[in-house]
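# Descriptive structure summary
Spelled out, the chains give:
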Amino acid sequence: MTDDRDLLGDLETRLHEHGLLLLGGVVEGGKTRVVIGNAGSQIVSHVPGLPGGDPRTDPVNTWTRQVMAPIAQQFGATVCFPFDGPPWHPFVSWMLGTGQAFVSPLGLAIHPRYGLWFALRAALLFDGVLPLAQPAAVSPCETCRDRPCLSTCPVGAFTGTSYDAESCRDHLAGSAGQDCMSQGCRARRACPVGPEWRYAPAHAGFHMRAFAR
Ligand code: B12
Ligand code: SF4
Ligand code: SF4
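Just so you know, these numbers come straight off a predicted model, no measurement behind them. (Residues numbered from 1 in each chain as written. Chains lettered and ligands numbered in written order. Predicted model: local features only at pLDDT ≥ 70, side-chain atom pairs only at ≥ 80, totals over all residues. Heavy atoms only, no water.)

Once that is clear, we can look at the overall build of the protein chain. Each helix and strand counted, the protein chain has seven helices and six strands in total. Each helix (α) and strand (β) of the protein chain, taken in turn from the N terminus, gives the series α-β-β-α-β-α-β-β-β-α-α-α-α. When the backbone C-alpha atoms are referred to their principal axes, the protein chain occupies close to 60 × 40 × 35 Å. Counting over 213 residues, the protein chain shows a buried share of 44%. Considering only residue pairs separated by 6 or more positions, the protein chain has 67% of its internal contacts joining residues 24 or more positions apart. As displayed, the protein chain offers around 10800 Å² of accessible surface, 54% of which is attributable to carbon and sulfur atoms. (Helix = DSSP H or I, 4+ residues; strand = E, 2+ residues; numbered from the N terminus. Buried < 20%, exposed > 50% of the residue type's maximum accessible area, 1.4 Å probe, protein only. Contact = heavy atoms within 4.5 Å. Areas by Shrake-Rupley, 256 points an atom, 1.4 Å probe, with all protein chains shown as cover.)

Set out below in structure tokens:
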């Protein structure tokens, strides 16, 4: 019989081979959902087309599918992806449900170690209850007095309860938006958590081009 602890350990090893991380899991109705992602710019050396490629060809999503389909098969799980939609799978809610990350005032999930510098790439659904890590203790936002993420956006796109994607996109289209375009979202960069996980500028630029396209 397979040891469940070995299963998650083996899965983690397989994911690391591709620069991916097992971010957490949650038990739902006798099944276990495991959320997979990446942090920082470690993924860049694994994905053909990152960071300089054309986002319109979806290199990250294409790569994610190619890598995750055989892994799901090997581990006997069903896989789904955050980019399959609409309707979208509620990946942020799933991540929050693992107890390993928290909702930030920007709406993005924040991780005590990786800060805002992680993305969600896939989820695996396993039959049965797997032994999961203890939830993280507390959100870093709780002790962040000044909340610089909320005061740094040049067009005030984040209010703490909403995000104005249209104002953001308009700003990115002009010359004043080139700082965000080349370095990544200024509001996200203002967050002091996990500075060593910040995306390298070329990597951040790829995601900004993908968003602004
Ligand atoms: C559609 C979408 C967008 C849209 C609309 C976003 C919106 N706010 O409405 C657009 C294109 C604008 C967008 C933009 C970005 N997005 Co987006 N987006 C998605 C996508 C594909 C679906 C979101 C959705 O509607 N889900 C359906 C709902 C029901 O799911 P949910 O998990 O329950 O959603 C909860 C949270 O999202 C939260 N929430 C959402 N917005 C807000 C805002 C506030 C203030 C609060 C408190 C909560 C909150 O509340 C929901 C209910 O609990 C997700 C992937 C996914 N499948 O989830 C990525 C996703 C949410 N995006 C992500 C990112 C990183 C971005 C960008 C930062 C991209 C970038 N540039 O790098 C930008 C933000 C703009 C910027 N300035 O940089 C990441 C977030 C990772 C994380 N750490 O949390 C995701 C998970 C993609 C991924 N592969 O990792 N996005
Ligand atoms: S700047 Fe502070 S409040 Fe904003 S996301 Fe970072 S830790 Fe949370
Ligand atoms: S990318 Fe720039 S304009 Fe858009 S929300 Fe972030 S800080 Fe604001």
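To continue, consider the environment of Asp127. Among the structural elements, Asp127 can be located in strand β6 (residues 118–127). Sequence spacing of Asp127 and Ala77 is 50 residues, and the spatial spacing of their C-alpha atoms is 7.6 Å. Among all residues touching Asp127, those that are not within four sequence positions of it are Gly30 and Lys31. At a separation of 2.9 Å, a polar atom in the side chain of Asp127 contacts the side chain of Lys31. (Polar contact = N/O pair within 3.5 Å; in protein donor to acceptor, adjacent residues only side chain to side chain.)

Here the largest pocket defines a volume of roughly 1600 Å³. Lining the largest pocket are 44 residues; nearest its centre among them are Leu108, Ala119, Arg188, His207 and Phe211. Mapped onto the lining of the largest pocket, the elements with two or more residues apiece are α2 (59–75), α3 (91–97), β6, α4 (165–173), α6 (186–189) and α7 (201–212). The dominant element in the lining of the largest pocket, judged by the number of residues it contributes, is α7, at six residues. Residues of the lining of the largest pocket, tallied by class, amount to 32 nonpolar, six polar and six charged. (1 Å grid on protein atoms, 1.4 Å probe; cavity = no way out; pocket = protein on both sides within 12 Å on 5 of 7 lines; lining within 4 Å. Points joined across faces, edges and corners; volume = space filled by probe spheres on them. Nonpolar A, V, L, I, M, F, W, Y, C, P; charged D, E, K, R; others polar.)

Attention shifts here to the pattern of salt bridges. The final tally for this structure, using the stated rule, is eight salt bridges. A salt bridge links Arg65 to Asp84; its shortest N-O distance comes to 2.7 Å. Taken together, the residues span a long stretch of sequence, with Arg65 in helix α2 and Asp84 in the loop between β3 (78–80) and α3 at a distance of 19 residues. Take Arg65: its relative accessible area is 37%, and that puts it in the partly exposed class. Here Asp84 falls in the partly exposed class, since its relative accessible area comes to 29%. (Salt bridge = Lys/Arg side-chain N within 4 Å of Asp/Glu carboxyl O.)

This brings us to the domain arrangement of the protein chain. Under the domain assignment used here, the protein chain contains domain 1 (4–127) and domain 2 (140–212). Relative to domain 2, the C-alpha centre of domain 1 lies at a distance of 22 Å. Listed by partner, the interface residues are 31 residues for domain 1 and 23 residues for domain 2. In total, about 2300 Å² of surface goes out of reach between domain 1 and domain 2, with carbon and sulfur atoms giving 73% of it. (Domains from an automatic or database assignment. Buried area = accessible area lost by both parts, 1.4 Å probe.)

Let us now look at the sheet that holds β3. The four strands are arranged β1-β2-β6-β3 in an open sheet whose pairing can be described as antiparallel. Whereas interior strands pair on both sides, the edge strands pair on one side only; in this sheet they are β1 (21–28) and β3. When strand polarity is set aside, the average angle formed by the axes of neighbouring strands in this sheet is 25 degrees. One ladder, built from nine bridges, connects strand β2 (residues 31–39) with β6; its direction is antiparallel. Within the sheet, the bridge partner assigned to Val34 lies in β6 and is Leu124. Across the face of the sheet, α2 comes into contact with β2, β3 and β6 while running at roughly 25 degrees to β6. (Pairing = 2+ DSSP bridges. Axes fitted to C-alpha atoms, helices over the stretch in contact; angles between N-to-C directions.)

Right, let's get into the site of ligand 2. By nearness alone, every residue bordering ligand 2 is listed as Ser104, Pro105, Ile110, Cys141, Cys144, Arg147, Pro148, Cys149, Cys191, Pro192 and Val193. Residue composition of the shell around ligand 2, by class: nine nonpolar, one polar and one charged. Here the shell around ligand 2 spans two domains, since at least three of its residues come from each of domain 1 (4–127) and domain 2 (140–212). (Near = heavy atom within 4 Å.)

Now for a negative patch on the surface. There is a patch of like negative charges on the surface, built from Asp3, Asp4, Asp6 and Asp10. Classification of Asp6 as partly exposed rests on a relative accessible area of 44%. (Patch = residues over 30% accessible without salt bridge, like charges linked within 9 Å, V, L, I, M, F, W, Y side chains within 5 Å. Lys, Arg positive; Asp, Glu negative; His and termini not counted. Charge placed at Lys NZ, Arg CZ, Asp CG, Glu CD.)

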